[in-house]
Amino acid sequence: MWTSLLSLIASRGWARNLTTSPQNTALCNQCQPILFSWSNDTELNRRSPVGSKHFYKHSSSLSQLEVSSREGCGFCALLFHGLVTRHLKHDPELASIRDRYKDEPVILTPVLDNKTYTPNMEILAFCWDGKGERRLDTMFTFVDLPEKYARIIDLTVDNCNTGSPVSMNMARTWLDECVKGHTTCHITAERGKPFFPKRTIDVKPFDGSNDVCLFIPGDPETIVTSQPYVTLSHCWGIHQIITTTISNIEDHCQRIEWSKLSKTFQDAITTTRSLGFKYLWIDSLCIIQDSVKDWQTQSAVMGDIYCRSILTISAAKAKDSTEGCFAVRDGRSARPVQLYLRFGQRIDSKRTSRKSKESNPGAGRLIWASLLDNYASGPLYDRAWVYQEQALASRSLAFGEGGLYWQCPSMVASENEPMGSMYRYQGLQLPLLEFRSLLNASGKSSSMEHSSSGGLHTPPSGLKDRAELYNFWYTHVTAYSGRALTKITDRLVALSGLASEISKALGDNDNTYAAGLWTGDFLRGLLWMRGNKGLPGSGPVMRVRPPMKFVGPSWSWASMSGCHTTYDLIRRETQSGSSIYDDGLKIITVDSKSSGLDPFGGVLASTITLVGNLASVNISKQGNTYLLLKASTEVGELDLDDEEVFSENIWVLSIVYNNGTGYTISLALARTKHTSSSIQEYRRVGVAYVKMDHSLVYEQEIIRIV
């Protein structure tokens, strides 16, 4: 079969003559038209996605595809970028893989075995060894591109820089569509009172230079309704950047010289100007860095700063301020190309005639092909501070290595899929999508309570929004907790804006936030677990506690460092209809003392006083497993928060009974050396799973956990 295909390819010739049209970049002969034909190759059919039997042998080899890309074919450039070049910087070994697969043909196939063009159809491109192995799988999508986007892309210049006029025009189009046409985003923008930061950068150049200045409004109430502002999300990195201090703030209000600004700041200012805005908020310049009072005051309104901005510029590709926002790239790989699609069958190893294919209603459709790669990635998203900036931003324009990326509650888009993705990539990749949608939908229902049976299952429909807010918090604590922080003491501070917004959505003054947990769902909040090691730079897995530093109480996930802390346990228990709380467990008080002005920021001390059922057990380590023993009898297992050796017994505090599994989910506690009056003090050391069919004796006690 492949011999016939190779002959057919050869008969068409590889002198890739390039043709152009007013709407398109140059295309080689192999790219016009794209003819999907039926294949009787059993092995290829078996290895194709979802049983597809329609294929197009685009190139006789990966090397030939690279040659055609260099010669100027727009679709070949897009294919080769998707298959190879976009991975090279992050995976140097791919260079050798490219050499290894250089002689393998490049195949295209519809993922769902489409027999005609359908909007948003997905195409899989891969190298094929002819023996049953696919290499370098890459997904593309074929779409109908609206005229307004086609006009932007239809330019004769090569858009080789993400800061080019073409890219800025695309950004303005996204912003204009969002501001004028996205109902969901309108709801988001109207939440809360009008707001303008205490300080911003006035980016309007003066005195014939690019210089800017720090702007402090004399009457914030006057400016908030008339002047939108932009925010910047960036990595500080190891290089010293320009900052505003007590000693230079007056000078900055007069002038900030362009030459003193980092490349990232310069690019952000250029973008702000290009989009037609006058004010830009940058943390290092708009917060007085050597003033503890100003830092605490401004960090307390960080949520408002990002929520109320018209747009957040994200320097996604830059690991520090010297690398800037803009990136040089092959412009052809960052935009769709217009193709002429045909679908046909194979008869006696020959393509059907063009005449017969014209009866196909999808034949000859002029469509746009784009790389299915519509979310930004880069060093920026390894940083803990950036997590809430992602979630709180009303809109985000991210500058990645290969292009621009747009995110708002209504649309996710990129330069090569400018009209918006058919997929929203909801979840940990883009937390702002879930968060904004949830805030817009959330009601002000009453506090979440246990059901009459004491179960942990999802509350009745009247409390569903509240439950979703708690579940959102648990999901994103998991994602946030593994990110890197320069100062471990910022662990709660860097998430305070997000906590503040959730508090507003909950709308319940009695629902206190305490060291990363919510008193309205406190028992579930206690059941976090240590996950795997976090992102590079997040440090060793350990509990941060005095005499090192105090970040949070032992019962809070915030006390852990260097790892993800997960809430997978409560998700499993919530889905189990056989799980109920221990009815002997009651929270008496939760006392938390803030370290600054922000009630959602850092804490100096936090304690729980409760009454519950406790039992004393021994620990025995066997391999990587910690067993719970009572009088040499195994009564359960233990997941330790961090590796430590216990010279004495520990205690298990019963939280949840699961009759289905036969285990009691418990907090594992160790006694401290401090006792207040008659109340014994404990600290959390892990989560225990205690067998319910044992002779372990529990005693009800009033205790304090620190």
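These figures come from a predicted structure and were not determined experimentally.

Caption draft 1: Local environment of the overall build of the protein. When helices and strands are tallied, the protein shows 21 helices and 34 strands. Burial statistics for the protein: of 706 residues in total, 57% are counted as buried. Counting only carbon and sulfur atoms, one obtains 50% of the accessible surface of the protein, whose full area is about 29,500 Å².

Caption draft 2: Quick look at the environment of Pro228. Following the sequence through the fold, Pro228 ends up in the loop between helix 9 (220–223) and strand 10 (229–233). For Pro228, a relative accessible area of 33% translates into the label partly exposed. The sequence separation of Pro228 and Leu280 amounts to 52 residues, and the corresponding C-alpha distance is 9.2 Å.

Caption draft 3: The arrangement of unusual backbone geometry in detail. The phi torsion at Ala515 lies on the positive side, around 50 degrees, for a residue other than glycine. Relative to the assigned elements, Ala515 resides in the loop between strand 20 (513–514) and strand 21 (517–518). Residue class for Ala515 comes out buried when judged on its relative accessible area of 2%. Backbone geometry at Ser632 places phi at a positive 70 degrees, although glycine is not the residue there. Structurally, Ser632 can be placed in the loop between strand 29 (625–630) and strand 30 (633–640).

Caption draft 4: Local environment of the packing of helix 16 (residues 384–392) against helix 19 (residues 496–506). Closest axis-to-axis distance for the helix 16/helix 19 pair is 8 Å, and the angle between their directions is 35 degrees. Of helix 19, the residues touching helix 16 (which contributes Tyr387, Gln388, Ala391 and Leu392) are Ser496, Gly497, Leu498 and Glu501. Across the contact of helix 16 with helix 19, the residue classes break down as four nonpolar, three polar and one charged.

Caption draft 5: Expanded view of helix 11 (residues 263–274). Under the 1.5 Å per step criterion, the end-to-end length of helix 11 is 16 Å for 12 residues, consistent within 8% with the ideal 16 Å. Within helix 11 the residues assigned to the buried category are Thr264, Phe265, Gln266, Asp267, Ala268, Ile269, Thr271 and Thr272. Its buried side turned inward, helix 11 meets helix 7 (165–181), strand 10, strand 11 (279–281), helix 12 (283–286), strand 12 (311–314) and strand 17 (396–399). At the C-terminal side of helix 11, Gly276 shows a positive phi close to 90 degrees.

Caption draft 6: Structural detail: the nonpolar core. Trp406, Trp473 and Trp557 are the most contacted members of the largest nonpolar core, which has 116 residues in total. Considering every element that reaches this core, the biggest residue donor is helix 18 (residues 464–481), with eight residues. With residues near it in sequence (within four places) discarded, Trp473 still touches Leu495, Leu498, Ala499, Ile502, Tyr513, Gly516, Trp518 and Trp557. In terms of nonpolar packing, the next biggest core, distinct from the first, is built from 33 residues, Leu35, Leu78, Ile123 and Phe142 among them.

Caption draft 7: Up close: the sheet that holds strand 12. Across the sheet, eight strands lie side by side as 9-8-11-10-12-17-18-19; this open sheet has mixed pairing. The sheet is open, and its two borders are formed by strand 9 (213–215) and strand 19 (411–414), each paired with just one other strand. Within this sheet the neighbouring strands show an average axis-to-axis angle of 25 degrees, counted without direction. Across four bridges, strand 10 lies against strand 12 in parallel orientation. The residue bridging Val230 from the neighbouring strand is Leu311, located in strand 12.

Caption draft 8: Focus on the packing of aromatic side chains. Considering all chains together, one arrives at 18 aromatic pairs under this definition. Grouped by ring-pair contacts, the aromatic residues Phe196, Phe215, Tyr229 and Tyr279 constitute a single cluster. Positioned over the ring face of Trp528 is Arg684, at 3.4 Å from the centre of the ring.

Caption draft 9: Molecular detail of the pattern of salt bridges. Here the structure, examined in full by the defined rule, presents 15 salt bridges. Here Arg684 and Asp641 are joined by a salt bridge, their closest N and O atoms 2.9 Å apart. In this pair, Arg684 is assigned in strand 33 (residues 679–691) and Asp641 in the loop between strand 30 and strand 31 (650–658), connecting sequence segments 43 residues apart. A network of salt bridges, in which partner residues are shared, links Asp304, Arg308, Glu501 and Lys504.

Caption draft 10: Quick peek at the pairing of strand 31. Of all nine residues in strand 31, eight are buried, a share of seventy percent or more. Across three bridges, the pairing between strand 26 (residues 579–581) and strand 31 is antiparallel. When the sheet's bridge partners are listed, Ile580 is paired in strand 31 with Tyr657.

Caption draft 11: Local environment of the layout of surface pockets. One number sums up the size of the largest pocket: a volume of about 1,400 Å³. Taken together, 48 residues line the largest pocket, and the ones lying closest to its centre are Trp295, Trp385, Thr486, Lys487 and Asp490. Elements represented by at least two residues in the lining of the largest pocket include exactly helix 12, helix 13 (292–300), helix 14 (302–308), helix 16 and strand 28 (603–622). Tallying contributions element by element places helix 13 first for the lining of the largest pocket, with four residues. Looking at side-chain class alone, the lining of the largest pocket contains 23 nonpolar, 15 polar and 10 charged residues.

Caption draft 12: Here's a closer look at helix 19. Of all 11 residues making up helix 19, nine are buried, and the element is well covered by its neighbours. All buried positions along helix 19 are accounted for by Ser496, Gly497, Leu498, Ala499, Ser500, Glu501, Ile502, Ala505 and Leu506. One or two residues past the end of helix 19 sits Gly507, with phi positive at roughly 60 degrees.

Caption draft 13: Local environment of the environment of Phe55. Mapped onto the fold, Phe55 is located in strand 4 (residues 54–59). Residues Phe55 and Leu35 lie 20 residues apart in sequence; the distance between their C-alpha atoms is 8.0 Å.

Caption draft 14: Molecular detail of the confidence of the model for the protein. Mean pLDDT over the protein stands at 78; residues scoring 70 or higher make up 75%. Counting interchain partners and residues more than four positions distant, the pLDDT-below-50 stretch residues 346–364 has 39 contacts. Segment residues 443–462 is flagged for pLDDT under 50; beyond a separation of four residues in sequence, or across chains, it makes 42 contacts in the model.

Caption draft 15: Highlighting the environment of Thr244. Looking at the secondary structure, you find Thr244 in the loop between strand 10 and helix 10 (249–254). Between the alpha carbons of Thr244 and Gln289 there is a distance of 6.1 Å; along the sequence they are 45 residues apart. With residues near it in sequence (within four places) discarded, Thr244 still touches Leu214, Ile249, His252, Ser284, Leu285, Ile287, Ile288 and Gln289. For Thr244, the side chain forms a polar contact with the side chain of His252, separated by 3.0 Å.

Scoring rules and cut-offs
Residues numbered from 1 in each chain as written. Predicted model: local features only at pLDDT ≥ 70, side-chain atom pairs only at ≥ 80, totals over all residues. Heavy atoms only, no water. Helix = DSSP H or I, 4+ residues; strand = E, 2+ residues; numbered from the N terminus. Buried < 20%, exposed > 50% of the residue type's maximum accessible area, 1.4 Å probe, protein only. Areas by Shrake-Rupley, 256 points an atom, 1.4 Å probe, with all protein chains shown as cover. Axes fitted to C-alpha atoms, helices over the stretch in contact; angles between N-to-C directions. Contact = heavy atoms within 4.5 Å. Nonpolar A, V, L, I, M, F, W, Y, C, P; charged D, E, K, R; others polar. Expected span 1.5 Å × (residues − 1). Core = buried A, V, L, I, M, F, W, Y, C linked by side-chain atoms within 4.5 Å. Pairing = 2+ DSSP bridges. Phe/Tyr/Trp six-rings, centres within 6.5 Å; stacked < 30°, edge-to-face > 60°. Lys NZ or Arg CZ within 6 Å of the ring centre and 35° of its normal. Salt bridge = Lys/Arg side-chain N within 4 Å of Asp/Glu carboxyl O. 1 Å grid on protein atoms, 1.4 Å probe; cavity = no way out; pocket = protein on both sides within 12 Å on 5 of 7 lines; lining within 4 Å. Points joined across faces, edges and corners; volume = space filled by probe spheres on them. pLDDT = per-residue confidence, 0-100. Polar contact = N/O pair within 3.5 Å; in protein donor to acceptor, adjacent residues only side chain to side chain.

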